[in-house]
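# Chains, contacts and geometry: an overview
Read off the chains here:
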Amino acid sequence: MLLFYKPYQISFTPNHTKVFICIPLSRFDSFVETSVFFFPLLLARSLGGIAGGIEICITFPTEYVKTQLQLDEKANPPKYKGIVDCVKQTVKSHGVRGLYRGLSSLVYGSIPKAAVRFGMFEFLSNKMRDESGKLDSKRGFFCGLGAGVAEAVVVVCPMETIKVKFIHDQTSANPKYRGFFHGVREIIRSQGLKGTYQGLTATVLKQGSNQAIRFYVMTSLRNWYKGDDPNKAINPLITGLFGAIAGAASVFGNTPLDVIKTRMQGLEAHKYKSTVDCAVKILKHEGPLAFYKGTVPRLGRVCMDVAIVFIIYEEVVKLLNLVWKTD
């Protein structure tokens, strides 16, 4: 018979030594206990994912342009002269809807991605906090790294692979994907499940560094703002500003990895033997500036994305803490 135990903390004077005693709960009580504990965090993560999904719907054209510019290999001349030209050519050939090609994969993945990211970060941060419950920036970096790797493997790699293939397919002479489900079915039919996991190494490196940088910056700014008062409240606008700064730092810090990831997930990924080979060929044939293609459109979307998600997540957790003790 499976037993569940509820820990009760008791402090003894004069040194306030803390010990835990465990009291068995009935199956029903254990279900209620665990539900009350996990539901608020699950709801917060889900709302963070929904907020991210709404943001993606608003700003996806910038993601589309970024991806097209990163896929646009050096030619004489290149297909696109810049951001504006990419938008003009897309609208001319496919209408405004063409700027939203590949949106569905990011929308479907927004909630599970947020759940995995913040869930793993919370799990790791709870293990790495000091005796006072504080998480310093260095530990925040490694917690963010773990969160990024987890989301890359579980959600982001297949989500991004499908997105890139859909966007790349639209510029083909004979597009073959009629919609999200048809496209996924065709990818799996022709390449197997591994077809949705192209560029996994590059995605892990990109997402790992993404979240490591973002949580490092966010933790540093939070600790700086709170100073010696760990209970000091942070205004949502300040949280949003810190999130935007963290997002910008990740863009400038790992766009080269994003470019490599995009190339590894495109329809011409077969040209590259590995992540390293892709990086070498880009450097050799296109020069170092090619590693920063799509920086400007990516910067706009990422800053807004990170700001909104952090605001929603933290404010929902604050609200839920009035009803449930989640930390």
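What you see is a predicted model, and the numbers here were worked out from it, not measured in a lab.

## A look at the overall build of the protein chain
When helices and strands are counted, the protein chain shows 9 helices and 2 strands. For the protein chain, the N- to C-terminal ordering of α and β elements is β-β-α-α-α-α-α-α-α-α-α. Within the protein chain, the fraction of its 327 residues that count as buried is 46%. About 17300 Å² of surface is accessible on the protein chain, with carbon and sulfur atoms providing 66% of the total.

## Let's talk about empty space enclosed by the protein
Enumeration according to the criterion identifies 3 cavities of 30 Å³ or more in this entry. What the largest cavity holds in volume is close to 150 Å³. Forming the boundary of the largest cavity are 17 residues, of which Lys 113, Glu 160, Lys 206, Gln 207 and Arg 301 lie nearest the centre. Here the lining of the largest cavity takes 5 residues from helix 6 (residues 200-226), the largest share from any one element. Tallied by class, the residues present in the lining of the largest cavity amount to 4 nonpolar, 3 polar and 10 charged.

## Some remarks on the confidence of the model for the protein chain
Of all residues in the protein chain, 82% attain a pLDDT of 70 or more, and the chain-wide mean is 82. Per-element averaging of pLDDT across the protein chain places strand 1 (residues 4-12) at the bottom with 41 and helix 7 (residues 236-265) at the top with 94. Confidence over residues 1-38 falls short of pLDDT 50; this stretch has 37 contacts with residues more than four positions distant or in other chains.

## Describing the nonpolar core
Counting residues in hydrophobic clusters, the biggest one holds 19 residues, and the most contacted among them are Phe 118, Phe 121, Phe 215 and Phe 310. Of all elements in the fold, only helix 3 (103-128), helix 4 (137-170), helix 6, helix 7 and helix 9 (295-321) reach the threshold of two or more residues within this core. The dominant element in this core, judged by the number of residues it contributes, is helix 9, at 6 residues. In contact with Phe 310, other than residues within four places in its own chain, are Phe 118, Phe 215, Met 218, Arg 222, Thr 239 and Gly 243. The next biggest cluster of nonpolar side chains, apart from the first, holds 14 residues, and it includes Phe 60, Leu 69, Leu 99 and Val 155.

## Digging into the packing of aromatic side chains
Applying the stated criterion across every chain, the model contains 13 aromatic pairs. Seen in terms of ring centroids, Phe 118 and Phe 310 are 5.9 Å apart; in terms of plane orientation they differ by 90°. Their pairing is edge-to-face. One end of the pair, Phe 118, is in helix 3; the other, Phe 310, is in helix 9, with 192 residues separating them in the sequence. Comparing Phe 118 with Phe 310, the two get one shared label, buried. Each ring, one from Phe 215 and one from Phe 310, has its centre 5.6 Å from the other, and the planes form 80°; the classification is edge-to-face. Residue Phe 215 is located in helix 6, and its partner Phe 310 is located in helix 9; the two are separated by 95 residues in the primary sequence. For the residue pair Phe 215 and Phe 310, the accessibility class agrees, reading buried in each case. Taken together, Tyr 108, Phe 166, Tyr 177, Phe 180 and Phe 181 form an aromatic cluster joined through their ring pairs. A cation over a ring is seen here: Arg 101 above Phe 166, with NZ or CZ 5.4 Å from the ring centre.

## A few points about the environment of Pro 175
Secondary-structure assignment places Pro 175 in the loop between helix 4 and helix 5 (180-191). For Pro 175, a relative accessible area of 49% puts it in the partly exposed group. Not counting chain neighbours up to four residues away, the residues in contact with Pro 175 comprise Asp 169 and Gln 170.

## Some thoughts on the pattern of salt bridges
Per the stated rule, a full pass over the model turns up 17 salt bridges. In this structure, Lys 163 and Glu 160 form a salt bridge, with 2.9 Å as the shortest nitrogen-oxygen distance. Separated by 3 residues within a single helix, Lys 163 and Glu 160 lie in helix 4, roughly one turn from each other. Take Glu 160: its relative accessible area is 7%, and that puts it in the buried class.

Rules of the game
- Residues numbered from 1 in each chain as written.
- Predicted model: local features only at pLDDT ≥ 70, side-chain atom pairs only at ≥ 80, totals over all residues.
- Heavy atoms only, no water.
- Helix = DSSP H or I, 4+ residues; strand = E, 2+ residues; numbered from the N terminus.
- Buried < 20%, exposed > 50% of the residue type's maximum accessible area, 1.4 Å probe, protein only.
- Areas by Shrake-Rupley, 256 points an atom, 1.4 Å probe, with all protein chains shown as cover.
- 1 Å grid on protein atoms, 1.4 Å probe; cavity = no way out; pocket = protein on both sides within 12 Å on 5 of 7 lines; lining within 4 Å.
- Points joined across faces, edges and corners; volume = space filled by probe spheres on them.
- Nonpolar A, V, L, I, M, F, W, Y, C, P; charged D, E, K, R; others polar.
- pLDDT = per-residue confidence, 0-100.
- Contact = heavy atoms within 4.5 Å.
- Core = buried A, V, L, I, M, F, W, Y, C linked by side-chain atoms within 4.5 Å.
- Phe/Tyr/Trp six-rings, centres within 6.5 Å; stacked < 30°, edge-to-face > 60°.
- Lys NZ or Arg CZ within 6 Å of the ring centre and 35° of its normal.
- Salt bridge = Lys/Arg side-chain N within 4 Å of Asp/Glu carboxyl O.

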